[in-house]
Every structure is written in structure tokens, then in C-alpha cells.
Amino acid sequence: MEGKETNITKSEQKLLCLLWKEGAMSVMQITGKLEQDTGWSKQAVISFLKRMEAKGLVTYERRGRTRFYMPVHSEETVARRERSTFLQNFYQGRLGLMVSAMAQENALSREDIREIRKVLEELRPEGDAEES
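Residues numbered from 1 in each chain as written. Predicted model: local features only at pLDDT ≥ 70, side-chain atom pairs only at ≥ 80, totals over all residues. Heavy atoms only, no water.

> Mind laying out the overall build of the chain, listing which residues take part and the relevant values?
Helices and strands together make up the secondary structure of the chain, namely six helices and three strands. Each helix and strand of the chain, placed in order from N terminus to C terminus, yields the pattern α-β-α-α-β-β-α-α-α. Taking 2.2 N^0.38 as the reference for a compact globule, 132 residues should give roughly 14 Å; the C-alpha atoms of the chain span a radius of gyration of 20 Å, well beyond that estimate. Taken along the three principal axes of its C-alpha coordinates, the chain extends 65 × 30 × 25 Å. Counting across all 132 residues of the chain, residues that qualify as buried make up 25%. In the chain, once contacts between residues fewer than 6 apart in sequence are set aside, the share between residues at least 24 apart is 48%. On the chain, roughly 9600 Å² of surface is accessible, and the fraction owed to carbon and sulfur atoms is 49%. Across the chain, the 22 positively charged side chains and the 21 negatively charged ones have centroids separated by 10 Å. (Helix = DSSP H or I, 4+ residues; strand = E, 2+ residues; numbered from the N terminus. Rg over C-alpha atoms; globule rule 2.2 N^0.38 Å. Buried < 20%, exposed > 50% of the residue type's maximum accessible area, 1.4 Å probe, protein only. Contact = heavy atoms within 4.5 Å. Areas by Shrake-Rupley, 256 points an atom, 1.4 Å probe, with all protein chains shown as cover. Lys, Arg positive; Asp, Glu negative; His and termini not counted. Charge placed at Lys NZ, Arg CZ, Asp CG, Glu CD.)

Structure below.
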């Protein structure tokens, strides 16, 4: 996911999540799904989609006179890029710093700690001695 896109705003994320869930949609379909929750007008949706298209986040196909918008990238691809950007912007790209900060702020539950341990154990190469 390289090129012209930049960080994704909350509004863009909301639109992308809808498109990942529903598939290709017209402006009217998108507005219908989001208007009550967001208050976005048809014109607001069009503005978001134009900006997202310029960022390389969505594309469209014409069916008659109607444009049907769809995401350019999968949800996993976008999530991976956003995680990487967040980590780089706030923790110099170091996952250990982020986990340490969360642990110091008591943001990790016992279940979180178990899951982290499990992941680390799975990543440990076979034959590595247990560190003391």
C-alpha cells in the first residue's frame, strides 16, 4: 500500500469499513446507510469519496450513469499500514516501547499478558534456551 495515500481519518475509516462489509456501493446507498448515524449529506459523502479516491483508498466502476465505489486495498492491508504508521509516529517503530508504555499505564489485562506470552512463545525459534 504505497503511493499517494496518507493517514486515514475516522470518517474515511467509517466509509472503508462500510465498503469492506457491504461491497461496492453507490453514493446514494452509502448515504442511506450512514446518514442517520453520521448526519452526512449526499454532498458530504461525495466529498469524502473524492478525497479518498485522490488518496488511492477507493476506486469506482460505472454501471450506467452510476458510480459504485469500492476499496482499493483489503482491510488487513490498511490495518497493517495504520498499525505500522502509529508505531512509527508514537514509539519510534519499537513495539517493545509501546507494550512497555501500556503496561506502565495498566492498560494490559491478564488476558492481554497471556496472549502476548503465547505469541512470543510461538515466535521463539526452536532450540532457544529459556532466558532467565
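Continuing now.
> Describe the layout of surface pockets, listing the residues and the values that go with them.
If you roll a probe as big as a water molecule over the atoms, it shows you where there is empty space left. Computed from the structure, the largest pocket encloses a volume of approximately 280 Å³. If you trace the largest pocket, you find it lined by Leu-95, Met-98, Val-99, Met-102, Leu-108, Asp-112, Glu-115, Ile-116, Val-119 and Leu-120. Elements represented by at least two residues in the lining of the largest pocket include exactly α5 (95–104) and α6 (110–123). Within the lining of the largest pocket, the residues separate by chemical class into eight nonpolar, no polar and two charged. What the second largest pocket holds in volume is close to 210 Å³. As for the second largest pocket, its lining consists of Ile-8, Thr-9, Lys-10, Gln-13, Leu-16, Trp-20, Glu-75, Val-78, Ala-79, Glu-82 and Arg-83. Elements with a contribution of two residues or more to the lining of the second largest pocket: α1 (10–22) and α4 (75–91). (1 Å grid on protein atoms, 1.4 Å probe; cavity = no way out; pocket = protein on both sides within 12 Å on 5 of 7 lines; lining within 4 Å. Points joined across faces, edges and corners; volume = space filled by probe spheres on them. Nonpolar A, V, L, I, M, F, W, Y, C, P; charged D, E, K, R; others polar.)

> Run through the sheet that holds strand β2 (residues 58–63), naming residues and quoting values.
Within the open sheet, the three strands sit side by side as β1-β3-β2. Their pairing is antiparallel. Unpaired on one side and paired on the other, β1 (25–26) and β2 mark the two borders of the sheet. The strands touched by helix α3 (residues 42–54) are β2 and β3 (66–71); relative to β2, the strand with the most contacts, the crossing angle is about 115°. (Pairing = 2+ DSSP bridges. Axes fitted to C-alpha atoms, helices over the stretch in contact; angles between N-to-C directions.)

Purely geometric stuff here, so don't read any function into it on its own.
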